[in-house]
Amino acid sequence: MERPEAGAAASGVPRERQPRLPPVPVLGRPPGAVQHPDGRPGHPGGAPGRGGGGQRRHRHRGHPHLGAAWLAADVLNDAALVLELLAPAWPRAGPALLTLAAAAKCIVGVAGGATRAALAVHQARRDNMADVAAKDSSQETLVNGAGLLLALLLLPLLEGRPWLTWGVVTLLLGTHLGANLGALRALRLPTLNRPRLRLALGGALRGGAGGGGATHPHPAGKGGVVVTVPGPEDVNPREPLLPGFGTRLSLHLGAPLHRLVNSEAEFKKALECGTEDYIIVLRPAQGWVGVGLRRGAPPDTPLRACAQALLLEELLGPDLPPGAPMGAALRPLQHRLRRCPPGTVPWGVVAESSRLWRTLGPAFLHGLAAAGWETQRHLLAPDEWQLDWAGPGGGASEEPRPSAPPQ
């Protein structure tokens, strides 16, 4: 007996006999932006094609904010220990405090597991995950045993001395957080997330550690420009531990169409000013820059698009130094960007940045690889939307609501 297709399982009617549902226009989007409820192009489950269609991608390659997750797990773990110590002093609030401590430890287990897995992948340079896991487990056992012995030695000394007890607890918690903060600063992760890419691009444009920012003519370089980029040893110690710090714009990488443009005219402008693999919309007055990724684009498209968006963010900062790569062409863009009327999109600046990025972008990516960064995989965490458009004058489509992850 043949099994029915997945689409016909619910109704019991073969797919070829089911009525075709008409496309539903997507309001507030350019003509041609349609949503098909049966999985045809225009729906996230639609087949690839150049006739329009949006798709949500589900890609997980690690934690984009490893330091923030690690630090949050440490703080929550210490807070849970403090709550457990406070519970006996307040009998009425004891159950509530212990409940909060248990909830915090549950969060610590999830965050700690994620960070431990990401660090294990980073440390297993020779594909020796089993060795790394075994050493990690043995070290944890040793630390727990040392903590137990220290507790047995301190308990007789702290009995009946609450102030001394809390002083020792404060000292140990501070030592714990300080040691973990030092461990975070000692990491040299070669994968690029947004803060590290921002620091690397800023070092390349403005100079800094490692001599970033120098350019020299090179016959093999794209356009005769070579960009020297700070390496992981220079960038990792300066990475902010809390996401969002040190940013001038809110970057939405892989934004849906309805977040990027509000009209057909804006969409046509975005196509004219963008590239064949992605489009960029900059709204300085709102502090927002969005990137629409095209379906079927090369794997390095998110890295190239994110770097160009961060270039626009860098142009909103102080004047570039005289030795900046292609500074003679980028500095006029800075002045034009500052004269942009509030509430408008500087399409001319976006178009000129796309033109310059065709030369500066490949040189910057080559500099990243030369500095020791991994450019084949990244932790830029693009959103799962993909766009499709037929050509410079064609429409685009995407699905405005999240879809279920593919099985």
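Residues numbered from 1 in each chain as written. Predicted model: local features only at pLDDT ≥ 70, side-chain atom pairs only at ≥ 80, totals over all residues. Heavy atoms only, no water.

The helix and strand inventory of the chain stands at 12 helices and 11 strands. A burial count over the chain gives 40% of its 407 residues as buried. Here the analysis covers contacts within the chain between residues at least 6 apart in sequence; of these, 70% occur between residues at least 24 apart. As displayed, the chain offers around 21,800 Å² of accessible surface, 62% of which is attributable to carbon and sulfur atoms. (Helix = DSSP H or I, 4+ residues; strand = E, 2+ residues; numbered from the N terminus. Buried < 20%, exposed > 50% of the residue type's maximum accessible area, 1.4 Å probe, protein only. Contact = heavy atoms within 4.5 Å. Areas by Shrake-Rupley, 256 points an atom, 1.4 Å probe, with all protein chains shown as cover.)

A separate point is the packing of helix H6 (residues 194–206) against helix H10 (residues 301–315). Running from N to C, H6 and H10 cross one another at 60 degrees; their axes reach a closest spacing of 10 Å. By the angle between their directions, the pair H6 and H10 is classed as oblique. Considering the relative orientation of H6 and H10, their crossing is right-handed. Contacts between H6 and H10 pair Arg194, Leu197, Arg198, Leu201, Gly202, Leu205 and Arg206 from the former with Leu303, Cys306, Ala307, Leu310, Leu311, Glu313 and Glu314 from the latter. (Axes fitted to C-alpha atoms, helices over the stretch in contact; angles between N-to-C directions. Parallel < 35°, antiparallel > 145°, perpendicular 65-115°, else oblique. Left-handed = near helix turned anticlockwise from the far one by under 90°.)

A few words now on empty space enclosed by the protein. Counted under the stated rule, the structure contains two cavities of 30 Å³ or more. The computed volume of the largest cavity comes to approximately 130 Å³. In terms of lining, the largest cavity is formed by 13 residues, of which the most central are Gly67, Leu184, Leu189, Arg196 and Glu239. Put simply, the parts of the chain that give the lining of the largest cavity at least two residues each are helix H2 (66–86) and helix H5 (162–186). Looking at the lining of the largest cavity residue by residue, the class counts come to six nonpolar, four polar and three charged. Its volume calculated, the second largest cavity comes out at about 50 Å³. Contributing to the lining of the second largest cavity are His65, Gly67, Ala68, Pro195, Glu239, Pro240, Leu241, Leu242 and Pro243. Looking at the lining of the second largest cavity residue by residue, the class counts come to six nonpolar, two polar and one charged. (1 Å grid on protein atoms, 1.4 Å probe; cavity = no way out; pocket = protein on both sides within 12 Å on 5 of 7 lines; lining within 4 Å. Points joined across faces, edges and corners; volume = space filled by probe spheres on them. Nonpolar A, V, L, I, M, F, W, Y, C, P; charged D, E, K, R; others polar.)

Next up on the list: unusual backbone geometry. Although it is not a glycine, Ala381 adopts a positive phi angle of roughly 50 degrees. Along the chain, the position of Ala381 falls in the loop between helix H12 (347–371) and strand S9 (385–386). The partly exposed category is assigned to Ala381, whose relative accessible area is 44%.

The biggest cluster of nonpolar side chains holds 59 residues, and the ones touching the most others in it are Leu197, Val291, Leu330, Phe364 and Leu368. Here the element with the most residues in this core is H12; it accounts for 10 residues. Residues in contact with Leu197, not counting those within four places in the same chain, are Leu192, Leu303, Cys306, Ala307, Leu310, Phe364, Leu368 and Leu380. Counting seven residues, the second largest nonpolar core, distinct from the first, contains Leu66, Leu119, Leu187 and Leu189. (Core = buried A, V, L, I, M, F, W, Y, C linked by side-chain atoms within 4.5 Å.)

This paragraph deals with the packing of helix H11 (residues 327–338) against H12. Contact geometry for H11 and H12: axes closest at 10 Å, N-to-C directions at 160 degrees. In terms of their interaxial angle, H11 and H12 are classed as roughly antiparallel. Relative to H12, H11 is oriented so that their crossing is left-handed. The residues of H12 that touch H11, namely those facing Ala329, Leu330, Leu333, Arg336 and Leu337, are Gly348, Val349, Glu352, Ser353, Leu356 and Leu360. Of the residues contributing to the contact of H11 with H12, the split by class is seven nonpolar, two polar and two charged.

A separate point is the packing of aromatic side chains. Centre distance and the angle of the planes are the two values used to describe a pair of aromatic rings. What the rule picks out here adds up to one aromatic pair. Ring centres 6.1 Å apart and planes at 50 degrees place the aromatic pair Trp357 and Phe364 in the tilted group. In this pair, the class of Trp357 matches that of Phe364, namely buried. (Phe/Tyr/Trp six-rings, centres within 6.5 Å; stacked < 30°, edge-to-face > 60°.)

Over its 30 residues, helix H3 (residues 94–123) extends 41 Å from the first C-alpha to the last, a length consistent with the 44 Å expected when each residue adds 1.5 Å. On the buried face of H3, the contacting elements are H2 and helix H4 (129–158). (Expected span 1.5 Å × (residues − 1).)

So, about the sheet that holds strand S6 (residues 250–253). Pairing in this open sheet of three strands is mixed, and the strands run S6-S8-S7 from one edge to the other. Looking at which strands have only one partner, the edges of the open sheet turn out to be S6 and strand S7 (278–283). For this sheet, the mean inter-axis angle between neighbouring strands, taken without regard to orientation, is 10 degrees. Here six bridges tie S7 to strand S8 (residues 288–293), and the two strands are oriented antiparallel to one another. Across the sheet, Leu282 pairs through a bridge with Val289, a residue of S8. (Pairing = 2+ DSSP bridges.)

Now for the confidence of the model for the chain. Per-residue confidence for the chain averages 78 on the pLDDT scale, and 76% of its residues sit at or above 70. Confidence over residues 1–60 falls short of pLDDT 50; this stretch has 117 contacts with residues more than four positions distant or in other chains. Scored below 50 in pLDDT, residues 399–407 shows 19 contacts in the model against residues more than four places distant or in partner chains. (pLDDT = per-residue confidence, 0-100.)

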